[in-house]
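Single-letter residue listing:
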Amino acid sequence: MFRPNPVFAGLPTSIFQHMTFLALDHDALNLGQGFPDEDGPVGLREVAAKALVDGPNQYPPSKGLTVLRQAVSAHARHFYNLEYDPEDEVVITSGGTEALGAAILATASAGEEFVLVEPTYDSYRPIVQSTGAVIRTVKLAPPELKLTEQALRAAIGPRTRAVLINSPHNPAGRVFTRAELETLAKVVDGTDAVVICDEVYEHLTYDGRPHIPFATLPGMRQRTLKIGSAGKIFSMTGWKVGWVAGPRELVSVVTKAHQFLTFTTPPALQLGVAHGLAHAMDFPQALTARLQANRDILTAALTRIGFQVLPCEGTYFLTAGIAGLTNEKDFAFCERLIREAGVALIPLSAFYADGTPDAYVRFAFCKKQAVIEEAVARLERYLAP
Ligand code: PMP
Ligand code: GLN
């Protein structure tokens, strides 16, 4: 009999696909899977379309087109005063997902410890598991969902090879504060741990809250791999253009992992993104204002309906408790809402290995305001008539 890798053979279909397919079957509004329902700037698409027709259409360099590596480097300097040499401290990947895969493969190995923060974005754990690394978990508990020194110290130590954090955080909607990041810096100091920072939502922070890259903390740049995604910056999630920036000794290993994952990324899309990083950075700023307004509409309505809305500081996502509305677990509640209320959400339990807590749901509000308003009206009619 075939004996496929149990990590992947044992996985269910992703929670995002599951809820999206169910939503399609029931004609439900999709506040589940996090993708914007309006495409980003036409300028990027025009540059990419022209390049598709005119070329280049053959393999670009594995580490990415020079013009895009330069643009990523300039972006880090402009927004965060971080210096990365575009020659060998930036690698372009096929989306944040591949960036994460390559960064994990570059740092995790069998029997060595790897630290994940829960709730955990769904792509992290299976890749770490497939390397045979031992996963240690820092669990963020709602309603605060805060990084604490106690939890970090319990998971991180001399055997830690890497810690993977995500800020702004999907699904928690948290943006880690300087104090939380300083605590992490204090805990990893003196260890050999690499810190992988998934910062794909870097421009989506609300109420003027700053996004602080971990690499900007004193002494931390040298141990940090910083991950970005053009899909998120420019609302083109299907494009799958991402990157990793970091010190050359780490980026060189990530680049080798990337070389055998995808080798490279479509050149036309790389050119579109390079154009965007140089000329369209007003887009994410305007998007932030629009999404903040959506967040506020959603927060007010959900509170009225009886959800316990947790503070949402950034990302596409807001999390809310359902204990005041039902005794059901979040997964069953989400499936019922799709079938009976016509609104799709994601259960927070899907982001915890042991499935708890199970009384919270995640709303994606990266949608047109009219869609948010209609979803809220449906929920209100169904849950609080
Ligand atoms: N990290 C997080 C936290 C995400 O939410 C996503 C998005 N879907 C990704 C990484 C992957 O980004 P990309 O779509 O560029 O692969
Ligand atoms: N990042 C998106 C979310 O969290 C989903 C991406 C995917 O479906 N793989 O909803």
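Details of the structure are given in the entry above.
(A) Spatial organisation of the site of ligand 1. Near ligand 1 you find 13 residues, and of these Thr97, Asp198, Tyr201, Lys232 and Lys240 are the closest. Ser229 has a polar side-chain atom sitting 2.7 Å from an oxygen atom of ligand 1. Contact with the protein chains hides 93% of the accessible area of ligand 1, taken as 390 Å² for the molecule alone. It is helix 5 (residues 95-107) that contributes the most residues to the shell around ligand 1, four residues altogether. The residue makeup of the shell around ligand 1, split by class, is four nonpolar, six polar and three charged.

(B) How the structure looks around the pattern of salt bridges. On inspection of all chains with the given rule, the structure shows 26 salt bridges. In this structure, the salt-bridge partner of Glu113 is Arg136, at a minimum N-O distance of 3.1 Å. In this pair, Glu113 sits in strand 3 (residues 113-118) while Arg136 sits in strand 4 (residues 134-139), placing the two residues 23 residues apart along the sequence. Glu113 gets classed as buried once you look at its relative accessible area, which sits at 11%. Among the ionic pairs, Glu113 bridges to Arg159, the shortest N-O distance being 3.3 Å.

(C) Seen up close, the site of ligand 2. Taken together, Phe16, Gln33, Gly34, Tyr121, Asn170, Tyr201, Phe317 and Arg362 make up the full set of residues near ligand 2. Between ligand 2 and the protein, one listed contact pairs a nitrogen atom with a side-chain N or O atom of Tyr121 at 3.3 Å. In the environment of ligand 2, an oxygen atom lies 2.7 Å from a nitrogen or oxygen atom belonging to the side chain of Arg362. Calculation on ligand 2 without its partners gives an accessible area of 300 Å², and the protein chains cover 79% of this total. For the shell around ligand 2, the residue count by class is four nonpolar, three polar and one charged.

(D) Representation of the nonpolar core in the model. Core analysis: the largest hydrophobic core is formed by 124 residues, its most contacted members being Phe114, Phe214, Phe234, Leu277, Phe307 and Phe363. With seven residues, the top contributor of residues to this core is helix 12 (residues 282-305). Residues in contact with Phe307, not counting those within four places in the same chain, are Leu302, Ala320, Gly321, Ile322, Leu325, Phe333, Val361, Phe363 and Leu383.

(E) Region of interest: the packing of aromatic side chains. Scanning all chains against the criterion turns up eleven aromatic pairs. Ring plane angle 75° and centroid distance 5.9 Å describe the contact between Tyr59 and Phe263, whose orientation is recorded as edge-to-face. Pair noted here: Tyr59 is in the loop between helix 3 (42-54) and helix 4 (66-80) and Phe263 is in the loop between helix 10 (248-261) and helix 11 (267-279), with a separation of 204 residues, a long-range link. Given the relative accessible area of 72%, Tyr59 is considered exposed. For Phe263, a relative accessible area of 33% gives the class partly exposed. Here the aromatic residues Phe16, Tyr121, Tyr124 and Phe351 are joined through ring pairs into a cluster of three or more. Taking the ring centre of Phe317 as reference, the NZ or CZ of Arg362 above it sits at 3.6 Å.

Procedures and definitions
- In this convention, every chain numbers its residues from 1, walking through the sequence in written order.
- For this description, chains carry letters from A and ligands carry numbers from 1, given in the order in which they are written.
- Predicted model: local features are reported for residues with pLDDT of at least 70 only, side-chain atom pairs are reported and counted for 80 or more only, and whole-chain, interface and lining totals are derived from all residues.
- With hydrogens and water stripped out, all remaining heavy atoms of the structure feed into the side-chain values.
- When at least one non-hydrogen atom of a residue lies within 4 Å of a molecule or strand, that residue is treated as near it.
- Under this definition, polar contacts are N or O atom pairs within 3.5 Å; protein pairs additionally need one hydrogen-donor-capable and one acceptor-capable atom, and for neighbouring residues in sequence, both atoms have to be side-chain atoms.
- All accessibility values rest on the Shrake-Rupley procedure with a 1.4 Å probe; residue burial counts only the protein chains present in the view.
- Put simply, DSSP marks the helices as runs of H or I at least four residues long and the strands as runs of E at least two long, and each gets a number from the N terminus on.
- Lys, Arg, Asp and Glu make up the charged group, whereas Ala, Val, Leu, Ile, Met, Phe, Trp, Tyr, Cys and Pro make up the nonpolar group; the residues left over, Gly among them, are polar.
- Here a salt bridge means any side-chain nitrogen of Lys or Arg lying within 4 Å of a carboxyl oxygen belonging to Asp or Glu.
- To sort residues, take the accessible area from a 1.4 Å probe on protein chains only and compare it with the maximum for the residue type: under 20% means buried, over 50% means exposed, and anything in between is partly exposed.
- Throughout, nonpolar core names a set of buried Ala, Val, Leu, Ile, Met, Phe, Trp, Tyr and Cys residues whose side chains join them through atoms within 4.5 Å.
- Residues are treated as being in contact if the distance between any of their heavy atoms lies within 4.5 Å.
- Stacked, tilted and edge-to-face pairs are distinguished by plane angle, under 30 degrees for stacked and over 60 for edge-to-face with tilted covering the rest, among Phe, Tyr and Trp rings (Trp via its six-membered ring) whose centres lie within 6.5 Å.
- Placement of a positive charge over a ring is assigned whenever Lys NZ or Arg CZ falls within 6 Å of the ring centre and within 35 degrees of the normal to the ring plane.

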